[in-house]
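Next come the chains, spelled out residue by residue.
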Amino acid sequence: MNLGAFSLSLNVKDIAASEAFYEKLGFTVMGGDRDQGWLIMKGPTCVLGLFQGMFDKNVMTFNPGWDSSAEPLDEFTDVRDIQRALKKAGVPLVTEADENTSGPASFMVTDPDGNPILIDQHR
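Residues numbered from 1 in each chain as written. Predicted model: local features only at pLDDT ≥ 70, side-chain atom pairs only at ≥ 80, totals over all residues. Heavy atoms only, no water.

We now examine the environment of Tyr22. Mapped onto the elements of the fold, Tyr22 is located in helix H1 (residues 15-24). The class of Tyr22 is buried, set by a relative accessible area of 19%. Put simply, Tyr22 and Lys42 are 20 residues apart on the chain and 9.5 Å apart in space, counted from C-alpha to C-alpha. (Helix = DSSP H or I, 4+ residues; strand = E, 2+ residues; numbered from the N terminus. Buried < 20%, exposed > 50% of the residue type's maximum accessible area, 1.4 Å probe, protein only.)

What follows is the structure, given as structure tokens:
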């Protein structure tokens, strides 16, 4: 199963302070909207999402249809197909994508320790 590009979505208290901190670690802003409370930052080997007031916890995120630089892929497994496979495997879903749609959609699961995992397709 190909879940797409991996990133870590961090629940931050102060987006400006977090942005400044991660810039010191070599990350650069590659997307988002600071005024809306979210930024996507790219480091040499990984992507971080900074989210102020959007999540209760840090979230592992997978993006079907994107490579590690958030560039679109020509071929990928649709989020609804991933969701159907996980349901068939008995994985409980926290939220679900509407399987009667196409294009952008997301769903969420949690691992056995309660860590949230977001499968978020943007195209």
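What follows concerns the layout of surface pockets. Approximately 340 Å³ is the volume found for the largest pocket. What lines the largest pocket is a set of 23 residues, among which Ile40, Phe51, Asn63, Trp66 and His122 lie closest to the centre. Where the lining of the largest pocket is concerned, the elements lending two or more residues are strand E1 (5-12), strand E2 (28-33), strand E3 (38-42), strand E4 (47-52), strand E5 (59-63) and strand E7 (116-121). For the lining of the largest pocket, the element with the highest residue contribution is E1, accounting for 4 residues. Looking at the lining of the largest pocket residue by residue, the classes come out as 12 nonpolar, 9 polar and 2 charged. (1 Å grid on protein atoms, 1.4 Å probe; cavity = no way out; pocket = protein on both sides within 12 Å on 5 of 7 lines; lining within 4 Å. Points joined across faces, edges and corners; volume = space filled by probe spheres on them. Nonpolar A, V, L, I, M, F, W, Y, C, P; charged D, E, K, R; others polar.)

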